[in-house]
Amino acid sequence: MAKRIDVSDLNIYYGSFLAVADVSMTIEPRTVTALIGPSGCGKSTFLRTLNRMHEVIPGARAEGKVVMDGVDMYASDVDPVAVRRHVGMVFQRPNPFPTMSIAENVLAGVRLNNKRISKGDAQDLVERSLQGANLWNEVKDRLDRPGSGLSGGQQQRLCIARAIAVRPQVLLMDEPCSALDPISTLAIEDLIAELKNDYTIVIVTHNMQQAARVSDRTGFFNIAGTGKPGRLIEIDDTTTIFSSPHEQATEDYISGRFG
Amino acid sequence: MSLTPTRRPEGAEPSLTPAESMTHGRASLANRAFARLSTASGVTILALLAAVTVFLVIEALPAVTTSPAELAERISWFPETGGILGYVGPLVFGTLLAALIALLIGTPLAIGIALFISHYAPRRLAQGLGYLVDLLAAIPSVVYGLWGSLVLAPRIVPVQDLLAQYLGWFPLFDGPAAQPARTVFTVGVVLAVMILPIITAVCREVFLQTPRLHEEAALALGATRLEVIRTAVLPFARSGIISAAMLGLGRALGETMAVLMILSPGFAYSFALLQAGQHQTIAANIANQFPEANTAGVSTLIATGLVLFVITLAVNMLARWVVSRRADFSGAN
Ligand SMILES: Nc1ncnc2c1ncn2[C@@H]1O[C@H](COP(=O)(O)OP(=O)(O)OP(=O)(O)O)[C@@H](O)[C@H]1O
Ligand SMILES: [Mg+2]
């Protein structure tokens, strides 16, 4: 299921503004890669190019290569809709569909992908996905209540359940815990550790401890100044980045001395 | 307490306690004046509504209390049997029928146009198109009446013939179709065009307000544009669409001139949409009979007007109820 991603020489533009320059990295299957860096350095921008979500922003485009298990995801015959079915995404703010029940939310992606599934299969899938997201016990009695009635942390786990219900190969998470309290954050971090067994995970976070706790590899992005493009300064094993990074900028950032 | 602020002499220290300085002064004066003004406006609306209702009821009373036989004697166009209810019934039927046809044709079209403007068309085209639809609202209804009776009624004949020929087994399309088409079908089509702008405008605004978050949630699951509309846009817009349709329905129910000029009137409970001389609407009937009506006639017409008023009110309340029914599944929380 999990896939390997090779990014080479990626430049990302908003209109004529070069937002992220010259990124190359390899993401191994069944690993958690954390992306850290100061605000505005292009972490979200880069993350979105991994499932072509940047294309829904008017004027945004990427140049370079993103290859998933040998398939060039930007090739002209590749459908961005198909890419997104293989590369799931969880956003910073929990965004369950407000008009759908908890169960319908989990099934939303499946209903898009292969319209009809039997009632029994649907129930199984709902249970499996919610269990996968550590949410089942909290919501099993109210599956037909609206998803928007859950707490923020529960909503975020519902969104994760929705994303894994379609069995993607890669899961992208953009600051999934930034709107959550410490307990919910821990719940999601535990979940990431479990999901790692099946999925390739890329997570953007501002929380250095979180990066250290959940990830196998950490990439540090930085920006030279406003108007300049963000760049990948270095990417290495998380332990290396946090104990003996190669670059001075990385060291400054993780030790709180930046600017 | 005087309403004009007293000017303090230059240099004098204002000796107000904090509590006083919070209640007095220019800003709070303006504040209170505005509060009164807006309260007054609110009360005016209520008073107006009450006044209209009282006027309708008082003026309609004679028509209700007078015996049907006497009414029939004094009013040339009053039915011999059935009384006032027998008179209003077919009018209510005709009014609802025409408005319903308009809604059935107009709403899907308006939703389609609004979706095209909000989610498909390139920005320049979308703006132009939106402007064009708004222009439709600026056309006076008498012009629609002229267009409907002179241009559309003759030209819609082949369509009616086709419907009668192929769907004639279905009571709605029972033939032979009228020629020229001074039918409730033609009226419905014209009314649909007339309510298109308001429904489109409201729908477009609602569609544009779909939270980016929800659209992206659908996109990230691998939704096509159509699926984004189905999973994120339409459910979010549901109550807005209903409100829009009800606004359109309100306009269609009350439309007078266009109906008057197009429809060949009749007083039947008939579902034959393609036949002339079957239907009439309350509003058009009032406009038609009012100039020649005597006292009893005017009272009768006002009674029908009261019924129209009640129907419109009911439609609005129904809309509100529908909108509130699934409030906890709406995007509001
Ligand atoms: N939709 C957009 N249109 C134009 N420019 C954008 C858009 N989104 C982001 N940018 C610009 O691209 C650059 C990178 O932004 P991005 O959101 O990727 O940063 P980030 O690292 O995710 O920041 P944060 O940590 O605050 O989320 C910024 O200069 C930003 O202003
Ligand atoms: Mg970001």
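Analysis parameters
- Residues numbered from 1 in each chain as written.
- Chains lettered and ligands numbered in written order.
- Predicted model: local features only at pLDDT ≥ 70, side-chain atom pairs only at ≥ 80, totals over all residues.
- Heavy atoms only, no water.
- Helix = DSSP H or I, 4+ residues; strand = E, 2+ residues; numbered from the N terminus.
- Buried < 20%, exposed > 50% of the residue type's maximum accessible area, 1.4 Å probe, protein only.
- Contact = heavy atoms within 4.5 Å.
- Rg over C-alpha atoms; globule rule 2.2 N^0.38 Å.
- Areas by Shrake-Rupley, 256 points an atom, 1.4 Å probe, with all protein chains shown as cover.
- Lys, Arg positive; Asp, Glu negative; His and termini not counted.
- Charge placed at Lys NZ, Arg CZ, Asp CG, Glu CD.
- Buried area = accessible area lost by both parts, 1.4 Å probe.
- Salt bridge = Lys/Arg side-chain N within 4 Å of Asp/Glu carboxyl O.
- Polar contact = N/O pair within 3.5 Å; in protein donor to acceptor, adjacent residues only side chain to side chain.
- Near = heavy atom within 4 Å.
- Nonpolar A, V, L, I, M, F, W, Y, C, P; charged D, E, K, R; others polar.
- Expected span 1.5 Å × (residues − 1).
- Bend = angle between axes of the 7 residues up to and from the residue.
- Pairing = 2+ DSSP bridges.
- Axes fitted to C-alpha atoms, helices over the stretch in contact; angles between N-to-C directions.
- Left-handed = near helix turned anticlockwise from the far one by under 90°.
- Phe/Tyr/Trp six-rings, centres within 6.5 Å; stacked < 30°, edge-to-face > 60°.
- Lys NZ or Arg CZ within 6 Å of the ring centre and 35° of its normal.
- pLDDT = per-residue confidence, 0-100.
- Core = buried A, V, L, I, M, F, W, Y, C linked by side-chain atoms within 4.5 Å.

A. Structural detail: the overall build of chain B. Each helix and strand in chain B was counted, giving 13 helices and 0 strands. From first element to last, N terminus to C terminus, chain B shows the α and β order α-α-α-α-α-α-α-α-α-α-α-α-α. Counting over 333 residues, chain B shows a buried share of 43%. Of the contacts made within chain B by residues no fewer than 6 positions apart, 77% connect residues no fewer than 24 positions apart.

B. The overall build of chain A, seen in detail. For chain A, the helix and strand inventory stands at 10 helices and 10 strands. Taken against the 2.2 N^0.38 rule, which gives 18 Å for 259 residues, the C-alpha radius of gyration of chain A at 18 Å falls within 12% of a compact globule. Along the three orthogonal principal directions, the C-alpha set of chain A runs to about 55 × 45 × 30 Å. Counting every position in chain A, which comprises 259 residues, the buried fraction comes to 54%. Here the contacts in chain A between residues at least 6 apart in sequence split such that 67% fall between residues at least 24 apart. Carbon and sulfur atoms form 47% of the exposed surface of chain A, whose accessible area is close to 10,900 Å². Separation between the mean location of the 28 positive side-chain charges and that of the 31 negative ones in chain A comes to 6 Å.

C. Fine view of the interface of chain B and chain A. Listed as interface residues are 24 residues of chain B and, on the opposing side, 30 residues of chain A. Counting the surface lost from both chain B and chain A, the interface buries some 2,200 Å², and carbon and sulfur atoms represent 62% of this. A salt bridge links R85 of chain A to E227 of chain B, with the shortest nitrogen-to-oxygen separation between them at 3.2 Å. Linking chain B with chain A are 5 residue pairs in polar contact (both at pLDDT 80 or more), by the criterion used here. If you list the elements that add at least two residues to the side of chain B that touches chain A, you get α9 (212–220) and α10 (225–254) of chain B.

D. Local environment of the site of ligand 1. All names here are of chain A. Neighbouring residues of ligand 1: 13 residues in total, closest S39, K43, S44, T45 and H206. S44 has a polar side-chain atom sitting 2.6 Å from an oxygen atom of ligand 1. Protein chains bury 63% of the 630 Å² of accessible surface belonging to ligand 1 in isolation. Going through the elements one at a time, β2 (17–27) and α1 (43–49) are the ones with two or more residues in the shell around ligand 1. Looking at the shell around ligand 1, the element that brings in the most residues is α1, giving 3 residues. The residue makeup of the shell around ligand 1, split by class, is 5 nonpolar, 6 polar and 2 charged.

E. Local environment of helix α4 (residues 83–120) of chain B. With 38 residues, α4 of chain B extends 55 Å from end C-alpha to end C-alpha; this agrees with the ideal 56 Å at 1.5 Å per step. Where α4 of chain B bends most, the angle comes to about 25°, and this point is G106 of chain B, followed within four residues by the proline P108 of chain B.

F. Structural context of the sheet that holds strand β1 (residues 5–14) of chain A. Residue and element names in this part refer to chain A. Pairing within the open sheet is mixed, and its 10 strands lie in the order β5-β4-β1-β2-β10-β9-β3-β8-β7-β6. The strands lining the two open edges of the sheet, one partner per strand, are β5 (71–72) and β6 (87–90). Examined bridge by bridge, strand β3 (residues 32–36) and strand β8 (residues 200–204) share 4 bridges and lie parallel to one another. Across the sheet, residue A34 finds its bridge partner in β8, namely I203. Its contacts with the sheet put helix α6 (residues 152–165) on β6 and β7 (170–174), and the angle it makes with β6 is roughly 170°.

G. Main features of the packing of α4 of chain B against α10 of chain B. All names here are of chain B. Orientation of α4 relative to α10, taken along the N-to-C sense of each, is 140°, at an axis distance of 9 Å. For the pair α4 and α10, the sense of crossing is right-handed. Every residue of α10 that contacts α4 at T95, L96, A99, A102, L103, T107, I111, L115, H119 and Y120 is listed here: R225, L226, I229, V233, I241, A245, L249, A252 and L253. Considered class by class, the residues forming the contact of α4 with α10 number 15 nonpolar, 3 polar and 1 charged.

H. Representation of the side chain of S149 of chain B within the structure. All names here are of chain B. Tracing the backbone shows S149 in helix α6 (residues 141–155). Take S149: its relative accessible area is 12%, and that puts it in the buried class. Each residue touching S149, except ones within four places of it in the same chain, is listed here: P154, R182, M261 and I262.

I. Broad picture of α6 of chain A. All names here are of chain A. With 14 residues, α6 should cover 20 Å at 1.5 Å per step; its first-to-last C-alpha distance of 20 Å lies within 8% of that length. Along α6, 13 of the 14 residues are buried, which leaves the element largely enclosed by surrounding structure. Count one or two residues on from α6 and you reach R167, which has phi positive near 50°.

J. Broad picture of the packing of aromatic side chains. Using the criterion set out here, one finds 9 aromatic pairs over all chains in the structure. Look at F93 of chain B and F271 of chain B: their rings are 5.1 Å apart centre to centre, the planes differ by 85°, and that puts the pair in the edge-to-face class. With F93 of chain B in helix α4 and F271 of chain B in the loop between α11 (257–262) and α12 (282–289), this residue pair connects regions lying 178 residues apart in the sequence. According to the relative accessible area criterion, F93 of chain B is buried, its value standing at 16%. Overall, the relative accessible area of 47% leaves F271 of chain B in the partly exposed class. Between W169 of chain B and F170 of chain B, the ring centres sit 5.6 Å apart and the planes meet at 65°, which makes this aromatic pair edge-to-face. Counting every residue linked through ring pairs, the aromatic cluster contains W77, F78, Y87 and F267 of chain B. Above the ring of Y13 of chain A, the side-chain terminus of R61 of chain A is found at 4.3 Å from the ring centroid. Geometry around F97 of chain A places R162 of chain A over its ring, the cationic atom sitting 4.8 Å from the centre.

K. Just the confidence of the model for chain A, in detail. Averaged over all residues, the pLDDT of chain A is 91; the fraction at 70 or higher stands at 97%. β3 of chain A holds the highest mean pLDDT among the elements of chain A, 96, whereas helix α7 (residues 182–195) of chain A holds the lowest, 88.

L. Examining the nonpolar core more closely. Counting 121 residues, the largest nonpolar core has V7, V23, M25, F46, L50 and F221 of chain A together with F207 of chain B as its most contacted members. With 16 residues, α4 of chain B is the single largest residue contributor to this core. Not counting chain neighbours up to four residues away, the residues in contact with L50 of chain A comprise I5, V7, I27, V66, M73, V83, V87, L172 and V202 of chain A. With 43 residues, the next largest nonpolar core counts A133, L150, I188 and Y199 of chain A among its residues.

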